[in-house]
Amino acid sequence: MAPSVHLLGHKPIADHSFSEDRSLLAVARESDVELYFNAKNRLQHGLTLTDHDKTVTGVDISKDGRIVTCSQDRNALVWEPQADGTWKPTLVLLRINRAATFVRWSPDGQKFAVGSGARVIAVCYFEQENDWWISKHIKKPIRSTILSVAWHPNSVLLAAGSTDGHARVFSGYIKGVDAKPVPSVWGERLPIQTLCGDFTSETGGWVQDVSFTPSGDALGFVTHDASVVIAYPSGPEQPPKAVLEVSTSFLPFRSLCFTSENQLVAVGHDCHPVVFEGDESGWQFKKSIDDPKLSTRSQDASRESSALNMFKAMDLKGSEAAEGTTELPTIHQNTINTVRPYSSSNGVVTQISTSGVDGRIVIFDV
């Protein structure tokens, strides 16, 4: 099936999230969050949420339809839908002194985690008696800005990637909110802030994004040097079974998501999704989705141009492309910031949604 492309203006999209039934799309753009209604694969603009006063860096919709947003204004807001079609914001007590960088709901929708430039992760939950959202901090041994967070399927364990080159797995257990987690390869007794795993790439590049496999038994992350790393833990206090790194010649990746236990999709500065496959014995690059080499656009663009045209283009644009070919041979025309699962069948993700600097939301078949 052809990818479904939605151009939502030309301003960059920092993050996006579809609701569980995919009827609502929230888009983080500049200091606003735009809501779109998704009807018959057409996105219609509904409301714009404008309570942040600096760039919104993350947005996520929980399984029960609440929206959480975070921003460089050091705040997070939880938005609840009202009967009259409006959304009511509630300020969250994050207690951070630097920008909030990333936010994600736990799978059960009971709490969310906010990464920040303050070298802390705020794990936020609702306190019934005081009727407000409060946070507990995970600090040690983080030494730099958190660029991404991801929840384990059990809604207790939390992975985080940061600019100190580490991908770490912590316990985000909140007493009175969470049920006692089932023992797993990450550990059994898990008070909050327990460090359950700590991984780096061979080059120590910034960890741009982290993601658990669907079972939660392995962790994948992408780094700023365009490497993909998959770590398989063996048990608490034990060295990992395997830490597999795939070095690529692509431009740096910004985001990844697992489509199954043995397949993941990574996106970034190459402007098209890339698929990797493997298991504990090894991972490798499998294919490109929207491959620029196979694009009819790139074949049109590679018409023989005269030497004069080529030098003219090099002089004007600093590139060897012929005149009139500033369009990329991919659907996305700029860096892809976020990739997310869109639809799945029998536990395997069949479609992904991407958003990027070009203002596009694209739904690809995997």
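In what follows, the accompanying structure is described. (Residues numbered from 1 in each chain as written. Predicted model: local features only at pLDDT ≥ 70, side-chain atom pairs only at ≥ 80, totals over all residues. Heavy atoms only, no water.)

Here we look at the sheet that holds strand β1 (residues 4-7)
Adjacent strands of a sheet form backbone hydrogen bonds with each other and so pair up, either parallel or antiparallel. What the four strands build is an open sheet, ordered β1-β28-β27-β26; its pairing is antiparallel. Each edge of the open sheet carries a strand with a single partner, namely β1 and β26 (336-345). Each strand axis lies, on average, 15 degrees off the axis of its neighbour in the sheet, ignoring direction. (Pairing = 2+ DSSP bridges. Helix = DSSP H or I, 4+ residues; strand = E, 2+ residues; numbered from the N terminus. Axes fitted to C-alpha atoms, helices over the stretch in contact; angles between N-to-C directions.)

Quick notes on the packing of aromatic side chains
Inspection of the entire model under this criterion finds twelve aromatic pairs. Geometrically, the ring pair formed by Trp105 and Trp133 is edge-to-face, given 5.8 Å between the ring centres and 75 degrees between the ring planes. A residue pair is termed long-range when its members are at least 10 positions apart, and Trp105 in strand β10 (residues 100-105) and Trp133 in strand β13 (residues 132-138) qualify at 28 residues. Judged by relative accessible area, which is 1%, Trp133 ranks as buried. An angle of 45 degrees between the planes, with centres 5.4 Å apart, marks the rings of Phe112 and Trp133 as tilted. Taken together, the residues span a long stretch of sequence, with Phe112 in strand β11 (residues 111-116) and Trp133 in strand β13 at a distance of 21 residues. (Phe/Tyr/Trp six-rings, centres within 6.5 Å; stacked < 30°, edge-to-face > 60°. Buried < 20%, exposed > 50% of the residue type's maximum accessible area, 1.4 Å probe, protein only.)

Points about the sheet that holds strand β14 (residues 146-151)
The strand order across the open sheet formed by four strands is β14-β15-β16-β17, and the pairing between neighbours is antiparallel. What marks the edges here is a single partner per strand, and that holds for β14 and β17 (195-200). Shown here is a sheet whose adjacent strand axes are inclined to one another by a mean of 20 degrees, direction ignored. With five bridges joining them, β14 and strand β15 (residues 157-162) adopt antiparallel strand pairing. Its bridge partner lying in β15, Ser148 is registered against Gly161.

Observations concerning the pairing of strand β3 (residues 24-29)
Burial within β3 is extensive, with six of its six residues counted as buried. Residues Leu24, Ala26 and Ala28 line one face of β3 and the alternating positions Leu25, Val27 and Arg29 line the opposite face, and both faces are buried. Sheet analysis places strand β2 (residues 15-18) next to β3, joined by four bridges and oriented antiparallel. For His16, the partnering residue across the bridge sits in β3 and is Val27. Where β2 hands over to β3, the hairpin turn is made up of five residues, of which Arg22 adopts a positive phi near 65 degrees. Count of turn residues in the β3/strand β4 (residues 32-39) antiparallel hairpin: two residues, of which Glu30 carries a positive phi of about 50 degrees.

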